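Architecture and fold: a report
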Amino acid sequence: PPVILREDYRPFGWLVPEVRLDFDLGLTRTRVRAELTVQRNARADHADTIRLNGDGLKPLSVTVDGAAADWRMDGDDLIVPLREDAHLIAVETEIDPTANTQLMGLYASGGMLCTQCEAEGFRRITFFPDRPDVLSVYTVRMHGPKAVFPILLCNGNRVAEGDNDDGTHWAEWNDPWPKPSYLFALVAGDLVANSKPFVTCSGREVECNIWVRKEDLARTDHALESLHRSMQWDEEVFGREYDLDLYNIVAVSDFNMGAMENKGLNVFNTKYVLADPDTATDADFDAVEGVIAHEYFHNWSGNRVTCRDWFQLSLKEGFTVLRDQLFSQDMRGEAVKRIEDVRILRAAQFPEDAGPLAHPIRPDSYREISNFYTATVYNKGAEVIRMMRSMAGVERFRAGTDLYFDRHDGEAATCEDFVRAIEDGAGLDLAQFRLWYSQAGTPRVSVSQKVEGDSLELTLRQTVPATPGQPDKQPMPIPLRVAVHSRAAAALGAEQLVVLAEAERTFTLPLSGPDPVVSINRGFTAPVVIERALDREDLVFLAAHDDDPFARSEALQELAVGHLVGTASGTLSADQQAAGEAAIIGAFRSSLADAALDDAMRGELMMLPSETYLFEAMATGERKADPGAIHAAREGLKAAIGSALADELGALHARASAVPLDDPAGRGARKVKTQALVYLAAADPGRTAKLAAQQYDAADNMTDRQGALMVLCGLDCPERDERLAAFHARYKDNALVVDKWFTLQALSLHPDVIAQVRALAEHPDFTMRNPNRVRSLYMAFAGNPQGFHDASGEGYRMIADVILALDPINPQTAARFVPSLGRWRRIEPARAALMKGELERIMAAGKLSRDTFEQVSRSLE
Ligand code: HT7
Ligand code: ZN
């Protein structure tokens with residue numbers, strides 16, 4: 001497959017101001033007639049043909065201005081000669097939505113029809129210049145059997161509808177806002193809506209609907225309320241008002257990603273719509289709120305201002321992730337949300353940045369754009385914009401975003417346009433900062449300090465590691481919030497922002513007393529790795545006293561990372577080992593006893609670094625990560641904590657269990673309740689199995705039930721099988737909860753997890769055709785370090801088999817499994833050889849999709 005280069009961008013030769021689509025809908029046969037008004041683009045080179053992209057389509061008829069056209073195919077694309085400056089092109093195609101297992105374009109899901117067009121799905125519906133810089137006003141007519149498709153939805157507003165005598169009906173929709181084809185959407189099915197109007201800041205009433213199957217209606221209130229909160233927040237915080245009188249969200253159970261921001265008609269994975277306390281955890285509620293907000297915020301950052309080309313994806317995705325993170329911080333509390341977001345960044349993006357698939361947030365090339373919907377483009381993209389916000393301050397940043405929206409409304413813009421608007425609007429010089437858009441790799445900042453009189457000389461050095469295709473890097477501006485505390489005086493220093501723009505620089509900071517302890521990258525102002533050798537006592541001091549809650553949790557993480565990596569690599573003496581363990585237990589004890597902490601924050605402080613994050617920390621320089629040693633060290637520490645703090649954890653569990661479901665403190669209580677079980681289970685499995693079973697039996701909500709079952713799943717005890725069976729029996733008709741049932745087992749600490757996953761793949765509820773179900777079993781397993789990295793290589797083999805089996809069905813989802821095997825270079829030699837061997841086996845297997853081919857070949861380079 002060809003490589004597409006960012007530098008090759010050229011404007012399209014034709015404008016397509018208007019599109020008229022006519023759909024004759026059927027589950028196995030849908031006819032599409034597309035009429036395109038085209039005009040020569042004065043800003044592009046002269047063209048005497050138009051290239052209309054297609055993917056697996058055959059044109060049934062092609063006319064230009066009503067006469068048969070002299071068209072030809074070039075691969076999958078349709079080439080039509082055009083002589084004048086303006087024409088009307090009409091093309092007819094026919095598609096089979098039921099045969100569409102890729103879930104891109106128009107497809108059938110649970111008896112309904114829906115679309116997914118981003119990035120390049122529209123070309124599977126009709127021939128079209130399927131690129132984000134071609135913006136058109138769409139008028140769409142849908143026609144189909146009323147009994148099968150009683151509801152017909154499209155972008156914009158319904159302008160006409162009617163019934164026919166033959167049992168069919170039709171509806172016509174018009175979207176007044178010009179949009180690229182990737183934002184087109186259509187839904188036809190038997191749906192019901194939960195509706196509530198929202199009144200915008202200018203007093204317009206917007207009809208908001210959440211469309212679902214009848215049996216799911218009772219679980220849609222949270223989504224609807226989240227939508228209203230998002231609309232209100234975007235008005236207040238970013239000055240953005242919604243621009244149509246209708247906002248429709250439809251939930252579908254077969255979906256490749258989380259959701260899609262189609263103009264006025266979002267299509268959502270049911271996972272991010274449906275929630276009630278009996279079937280969804282607190283984390284699920286948060287995810288629904290976050291994804292609803294994310295898609296809503298795209299209405300401005302993505303739809304009103306869209307992307308010029310797919311290399312600019314982070315323009316809409318990075319910015320929108322930042323916007324949804326800020327929204328959730330305001331809804332749920334800044335510190336806990338920030339800790340969660342940084343945990344996700346470290347678990348998903350840092351490994352990507354350190355591996356063969358590393359790419360800048362604005363990539364320079366791709367073969368298959370679906371492979372670039374990554375944690376780098378999304379999450380690091382958000383961090384890069386967050387850094388601009390930190391440097392500008394909230395008000396000046398807002399002036400920058402206002403200018404960006406004003407300047408580029410209705411346009412297909414670039415990342416450079418965004419940076420320039422922030423420069424002009426916020427008054428920042430971002431000349432050097434632009435490197436964050438072009439350089440991949442997570443910068444490492446090393447810290448050293450020296451007391452000089454009543455100041456501290458803080459020397460910071462940055463290196464940006466080499467990444468594929470980028471051997472040499474330049475220093476980038478790194479904004480870091482710092483404070484210098486005094487351990488001896490128990491005094492907290494004032495915070496200030498320093499920007500490290502050079503390879504090395506010394507900053508002079510005021511001391512707050514003797515024995516200075518530097519608190520750095522507070523609030524995680526920059527997505528970097530801080531390298532420093534801080535005394536254990538200093539970390540304990542920061543964990544207990546830092547006034548930045550993020551820095552507190554960070555100090556505890558640093559303490560645990562140092563201890564666990566040291567233990568796993570065998571570099572600690574017995575004394576160091578014992579002292580490290582005692583320090584961590586002491587810090588945990590303080591967190592458990594600290595009455596000033598709420599449980600939501602306590603729950604964060606009680607979380608050990610994940611094994612994937614520990615792999616990253618262990619794999620530095622020549623040293624490789626040893627998954628077996630990391631797992632043993634982490635489990636050992638959990639057991640030590642559980643046994644040393646058995647009384648405190650038992651008391652915490654009892655206290656938290658007494659908090660009722662709807663108490664404002666309930667969420668935090670549920671979080672620490674299961675955390676307590678996790679440590680107790682590591683120390684005393686027998687007793688904890690009883691306690692977990694009690695929690696399961698007494699649960700009046702999914703958070704407690706799932707938490708208890710998660711702990712039980714890792715234990716070899718009768719309670720495990722009994723509760724797993726009860727859980728399945730209770731929820732067998734609820735697909736999202738059955739997904740949980742698969743995931744709990746695939747993620748479990750049980751020694752037989754590989755055999756259990758193999759058996760689950762044979763379960764009648766398992767299918768390769770539903771992405772949620774595939775992810776619930778296999779993505780969970782690929783994220784289970786103990787099972788996936790089993791020294792036998794069986795875990796690797798299983799995931800490679802999944803990639804091969806899934807690739808012909810759903811290449812996008814198949815390709816998403818490749819990165820787990822692609823990390824082989826950072827793993828110890830025996831496992832690395834097994835992982836690489838599986839990648840080579842996939843490569844040798846013959847015809848691979850463009851998606852999987854690109855990921856596997858890059859992983860082997
Ligand atoms: N913008 C949406 C991207 C998306 C997508 C991309 C490729 C294939 C399927 C997809 N479904 C949705 C989601 C978002 O970031 O809001
Ligand atoms: Zn998005």
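Residues numbered from 1 in each chain as written. Chains lettered and ligands numbered in written order. Predicted model: local features only at pLDDT ≥ 70, side-chain atom pairs only at ≥ 80, totals over all residues.

The helix and strand tally for the protein chain stands at 28 helices and 31 strands. The C-alpha atoms of the protein chain give 28 Å as radius of gyration, which agrees with the globular expectation for 861 residues (29 Å, within 12%). The principal-axis extents of the C-alpha atoms in the protein chain amount to approximately 85 × 65 × 60 Å. If you take every contact in the protein chain between residues at least 6 apart in sequence, the share linking residues at least 24 apart comes to 69%. (Helix = DSSP H or I, 4+ residues; strand = E, 2+ residues; numbered from the N terminus. Rg over C-alpha atoms; globule rule 2.2 N^0.38 Å. Contact = placed C-beta atoms within 7 Å.)

Attention now goes to the sheet that holds strand β29 (residues 504–510). Strand order in the open sheet formed by four strands is β29-β26-β25-β31, with mixed pairing between adjacent strands. With one partner strand each, in any of the chains shown, β29 and β31 (529–531) form the two edges of the open sheet. Averaged over neighbouring strand pairs, the angle between their axes works out to 30° when direction is ignored. Looking at chain direction, strand β25 (residues 444–452) and strand β26 (residues 455–463) are connected through nine bridges and run antiparallel. Across the sheet, V445 pairs through a bridge with Q462, a residue of β26. (Pairing = 2+ DSSP bridges. Axes fitted to C-alpha atoms, helices over the stretch in contact; angles between N-to-C directions.)

Here the UniProt-annotated "domain: Peptidase M1 alanyl aminopeptidase Ig-like fold" (unreviewed entry) positions come out as residues 441–532. With 0% helix and 52% strand, the stretch residues 441–532 has end C-alpha atoms that lie 19 Å from each other. (UniProt positions renumbered as here; feature names shortened; annotations may be inferred.)

Here the focus is the UniProt feature "domain: Peptidase M1 alanyl aminopeptidase C-terminal" (unreviewed entry) in the protein chain. Residues annotated by UniProt as "domain: Peptidase M1 alanyl aminopeptidase C-terminal" (unreviewed entry) correspond here to residues 537–861. The annotated region residues 537–861 carries 74% helix and 0% strand content, and the separation between its end C-alpha atoms amounts to 44 Å.

Here we take up the pairing of strand β10 (residues 105–109). Of all five residues making up β10, five are buried, and the element is well covered by its neighbours. In the sheet, β10 pairs with strand β11 (residues 112–116) via five bridges, with the strands oriented antiparallel. Residue pairing in the sheet places Y107 in a bridge with C114 of β11. (Buried ≥ 20, exposed ≤ 12 C-beta atoms within 10 Å, placed from the backbone.)

Among the secondary structure elements, M779 is positioned in helix α22 (residues 771–782). Separated by 29 residues in the primary sequence, M779 and P808 place their C-alpha atoms 18 Å from one another.

Assigned domains within the protein chain: domain 1 (1–185), domain 2 (306–438), domain 3 (445–533) and domain 4 (732–861). Distance between the C-alpha centres of domain 2 and domain 3: 23 Å. Residue-level contacts link 14 residues of domain 2 with 14 residues of domain 3. Contributions of two or more residues to the side of domain 2 that touches domain 3 are made by α4 (334–353), α5 (375–392) and α8 (435–438). A total of five residues in the side of domain 2 that touches domain 3 trace back to one element, the largest contributor, which is α5. Tallied by class, the residues present in the side of domain 2 that touches domain 3 amount to nine nonpolar, two polar and three charged. (Domains from an automatic or database assignment. Nonpolar A, V, L, I, M, F, W, Y, C, P; charged D, E, K, R; others polar.)

If you look at the biggest cluster of nonpolar residues, it comprises 252 residues, and the most contacted ones within it are V187, V250, V273, A692 and I799. Not counting chain neighbours up to four residues away, the residues in contact with A692 comprise L677, A681, A708, V711, L712 and E719. (Core = buried A, V, L, I, M, F, W, Y, C linked by C-beta atoms within 7 Å.)

Read across the open sheet, the eight strands follow the order β6-β5-β9-β3-β2-β12-β15-β14; overall the sheet is mixed. At either end of the open sheet lies a strand with only one pairing partner, and these are β6 (67–68) and β14 (157–163).

What follows covers the packing of helix α1 (residues 221–238) against helix α2 (residues 282–297). Relative to each other, α1 and α2 sit at 45°, their axes nearing to 9 Å. With respect to α2, the element α1 is oriented oblique. The hand of the α1/α2 crossing is right-handed. On α2, the residues touching H222, A223, S226, L227, S230, M231 and D234 of α1 are F285, V288, E289, I292, A293, Y296 and F297. (Parallel < 35°, antiparallel > 145°, perpendicular 65-115°, else oblique. Left-handed = near helix turned anticlockwise from the far one by under 90°.)

In the neighbourhood of ligand 1, 15 residues make up the surrounding shell, with E118, N256, M257, M260 and S370 lying closest. When contributions to the shell around ligand 1 are tallied by element, the ones reaching two or more residues are β20 (259–260) and α2. When the residues that make up the shell around ligand 1 are grouped by side-chain class, the tally is five nonpolar, six polar and four charged. Split by domain, the shell around ligand 1 shows at least three residues from each of two domains, domain 1 (1–185) and domain 2 (306–438). (Near = placed C-beta within 6 Å.)

Another point: the packing of helix α9 (residues 536–545) against helix α11 (residues 574–593). Packed helices, taken two at a time, are described by their axes: the angle between them and the distance between them. Interhelical geometry of α9 versus α11 gives an angle of 10° and a closest axis separation of 10 Å. Comparing their axes, α11 and α9 come out roughly parallel. The segment α9 lies against α11, with R536, V540, A543 and A544 engaging A579, G580, A583, G586, A587 and S590.

As for its placement among the helices and strands, A47 is situated in the loop between β3 (30–40) and β4 (49–52). Separated by 675 residues in the primary sequence, A47 and E722 place their C-alpha atoms 69 Å from one another. Excluding residues within four positions of it along the chain, A47 makes contact with G13 and W14.

Let us now look at unusual backbone geometry. Between E118 and the following residue, A119, the backbone shows a cis peptide bond with an omega angle of 0°. Within the element layout of this structure, A119 appears in the loop between β11 and β12 (136–145). Its identity is not glycine, yet A490 carries a phi of approximately 50°, on the positive side. What makes A490 exposed here is the crowd of 12 C-beta atoms within 10 Å. Even without a glycine there, the phi angle at D515 is positive, about 60°. Examined against the element boundaries, D515 turns out to sit in the loop between β29 and β30 (516–520).

On to α22, then. With 11 of 12 residues buried, α22 lies mostly within the body of the structure. Every buried residue belonging to α22 is among P771, N772, V774, R775, S776, L777, Y778, M779, A780, F781 and A782, and all of these are buried.

The next subject is the pairing of strand β5 (residues 61–64). Two elements, β5 and strand β9 (residues 86–95), share four bridges in a ladder whose sense is antiparallel. Residue pairing for β9: T63 is matched across the bridge by A90. Pairing between β5 and β6: two bridges, direction antiparallel. Residue pairing across strands places V64 opposite A67, the latter belonging to β6. Where β5 folds back on β6, the antiparallel hairpin that results is connected by two residues, among which D65 adopts a positive phi of roughly 50°.

Let us now look at the confidence of the model for the protein chain. Averaged over every residue, the pLDDT of the protein chain is 98; residues scoring 70 or more account for 100%. If you check the scores for this complex, the pTM reads 0.99 and the ipTM reads 0.99. (pLDDT = per-residue confidence, 0-100.)

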